Amino acid sequence: MVSSSFFPQEIIRHKRDGQTLTSDEISFMIEGLVSGNVTESQISALAMAIFFQDMHFDEIAFLTNCMAKSGYVEKWDLSGPVLDKHSTGGVGDKVSLALAPMIAACGGYVPMISGRSLGHTGGTLDKLESIPGYNTKPNRDLLHKIVKKVGCAIIGQTDDLAPADKKFYSIRDITATVETIPLLTSSILSKKIAAGLEGLVMDIKFGNGAFLTDLSQSIKLRETIIKVAHKAGLPTRALLTNMNQVLGSNAGNSLEVLEILNYLSGAYQEPRLHEVTLRLGIEMLLLGQLAQEPNDARRKLEEVLKNGQALEKFSAMIVELGGPKDFVERPLHYLGQSPVIHPVYSLANGYITHIHTREIGLAIMKLGGGRKNPQDKINHRVGFSNMLGLGAKIDTQTPLALIHGETLSSALDVEKELLKAYVISNEPIPVDPLIIDQFE
């Protein structure tokens, strides 16, 4: 227990003036956040001070540790490695839905703590909640039972898992302080450390469809996360992946679930989505010593896709978490379909040379597929499908995408924004690499 002689406003002033906070000061603020002795307005002021003044590595590491230990820390007794993957978010990023069952089919165990939509980027939980009955908040006994039986469970943050992070995050979300590297790092890693992982692979996005658009900021986040994770004893690897276009062909909650079903069944595997999924999966298998070298890991991942074991794991996870037993066989019956499916045609012939991906995410929000406020309800079936990507040759007779909307007027409203999001040029230009590099 930290001394009660501290004053929150003095700690805020120290950080506001660029001072390094002591471990006792950080502990006081985090313990006070959980107990209610430090107010939300004081935490929001501290977050803003950190946003402008940054934090040193030791401060970030201690903040992460405090938040991780603010609640229950999971302990697992399983026959294989406990692994996870986390993405910093981007439009159409649905990799988690495929990767968790793929790793489970390869012998790993994946208790994946995921989040909801954040601004223009979609949330994994929102995608899964488009499946009727799917329970994103099982109790601990059920979670352990499912992970042991199936090998994976994608759920939300429980109330007693890093509760300080849950409260801190909700404050940051409404005070424009989400993007700061120290608070991103501590938020991500506190949950992963508390989840009892033995290995973590990070998918750190950059580009105009990502949460962090600037490459230099993504590199800084990658390096900070790796250092803090290693200090905490959590083996971690990270990839930098390009989000200057939608990942995959669909964007929108139930539409992305449908795309993952097609991916896992082999009906259609969009090349960029496939490559990112495999590269992250390779790192997870290597980290968990489930493969000896990258080619072996790739072969194992491709095999569980080909033989249907990954799809079986996905189906089993859905059933164990309350979803329909025949969901994989009859997805449209359960997900439904928007009343209006409206094609959007290019206004010119040429090549797609730039996509304002953030605007696509905002257009989905406008259709009702995202949240402006935490309490907003989501329309899971709206969004875009069959989207063309960078480098594609286009003409005025070929749809750029299909809009799934509740009314024709809502579809026509976002059609203008979708057309503005695509830049069509007479000549093609080189497409930037999908994955920049790997760092550990």
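Our structure's up above, just so we're on the same page.
The rules we used
Residues numbered from 1 in each chain as written. Predicted model: local features only at pLDDT ≥ 70, side-chain atom pairs only at ≥ 80, totals over all residues. Heavy atoms only, no water. 1 Å grid on protein atoms, 1.4 Å probe; cavity = no way out; pocket = protein on both sides within 12 Å on 5 of 7 lines; lining within 4 Å. Points joined across faces, edges and corners; volume = space filled by probe spheres on them. Nonpolar A, V, L, I, M, F, W, Y, C, P; charged D, E, K, R; others polar. Disulfide = S-S within 2.5 Å. Buried < 20%, exposed > 50% of the residue type's maximum accessible area, 1.4 Å probe, protein only. Phe/Tyr/Trp six-rings, centres within 6.5 Å; stacked < 30°, edge-to-face > 60°. Helix = DSSP H or I, 4+ residues; strand = E, 2+ residues; numbered from the N terminus. Lys NZ or Arg CZ within 6 Å of the ring centre and 35° of its normal. Pairing = 2+ DSSP bridges. Contact = heavy atoms within 4.5 Å. Axes fitted to C-alpha atoms, helices over the stretch in contact; angles between N-to-C directions. Salt bridge = Lys/Arg side-chain N within 4 Å of Asp/Glu carboxyl O.

1. Brief notes about empty space enclosed by the protein
In step 1: Under the counting rule described, the total for this entry stands at three cavities of 30 Å³ or more.
In step 2: When its volume is computed, the second largest cavity comes out at roughly 70 Å³.
In step 3: The wall of the second largest cavity is formed by E74, W76, P111, I113, L143, I155, T158, L161 and A195.
In step 4: Looking at the lining of the second largest cavity residue by residue, the class counts come to seven nonpolar, one polar and one charged.

2. Description of the state of the cysteines
In step 1: Counted under the stated rule, the structure contains zero disulfides.
In step 2: In this model C152 remains outside any disulfide bridge; the closest cysteine sulfur is found in C106, 11 Å from its own.
In step 3: For C152, a relative accessible area of 0% corresponds to the buried category.

3. A few points about the packing of aromatic side chains
In step 1: Scanning the model with the defined rule gives three aromatic pairs in all.
In step 2: An angle of 50 degrees between the planes, with centres 5.6 Å apart, marks the rings of F6 and F28 as tilted. Here F6 is found in the segment before α1 (8-16), whereas its partner F28 is found in helix α2 (residues 23-35), with 22 residues between them in sequence.
In step 3: Given a relative accessible area of 14%, F28 falls into the buried group.
In step 4: Considering the side-chain rings of F51 and F52, the 5.3 Å spacing of their centres and the 80 degrees angle between planes classify their relative orientation as edge-to-face.
In step 5: Take F52: its relative accessible area is 62%, and that puts it in the exposed class.
In step 6: Taking the ring centre of Y72 as reference, the NZ or CZ of R140 above it sits at 3.5 Å.

4. Looking at the sheet that holds strand β11 (residues 422-425)
In step 1: Ordered in space as β9-β7-β11, the three strands form an open sheet in which the pairing is antiparallel. Strands with a single pairing partner mark the edges of an open sheet, and in this sheet they are β9 (393-394) and β11.
In step 2: Summarising the sheet, strand β7 (residues 350-355) and β9 pair through two bridges and their orientation is antiparallel. Opposite G350, over in β9, you have I394 as the bridge partner.
In step 3: Strands β7 and β11 of the sheet are contacted by helix α17 (residues 408-421), whose axis makes an angle of about 50 degrees with β11.

5. A word on unusual backbone geometry
In step 1: Of note, A176 is a non-glycine position whose phi angle comes to about 60 degrees, a positive value.
In step 2: Taking relative accessible area as the criterion, A176 reaches 55% and is therefore assigned exposed.
In step 3: Of note, the phi angle at N386 is positive, near 55 degrees, even though the residue is not glycine.
In step 4: Along the chain, N386 turns up in the loop between β8 (383-385) and β9.

6. Here's the deal with the pattern of salt bridges
In step 1: Applying the stated rule across the entire model yields 24 salt bridges.
In step 2: Across the pair D54 and K220 runs a salt bridge, and its minimum N-O distance is 3.0 Å. Residue D54 is found in the loop between α3 (40-53) and α4 (57-68), and its partner K220 is found in helix α10 (residues 215-231); the two are separated by 166 residues along the sequence.
In step 3: Its salt-bridge partner being E283, residue R237 comes within 2.9 Å of it at the nearest N-O pair. Here E283 lies in helix α12 (residues 271-287) and R237 lies in strand β5 (residues 236-242), a separation of 46 residues in the sequence.

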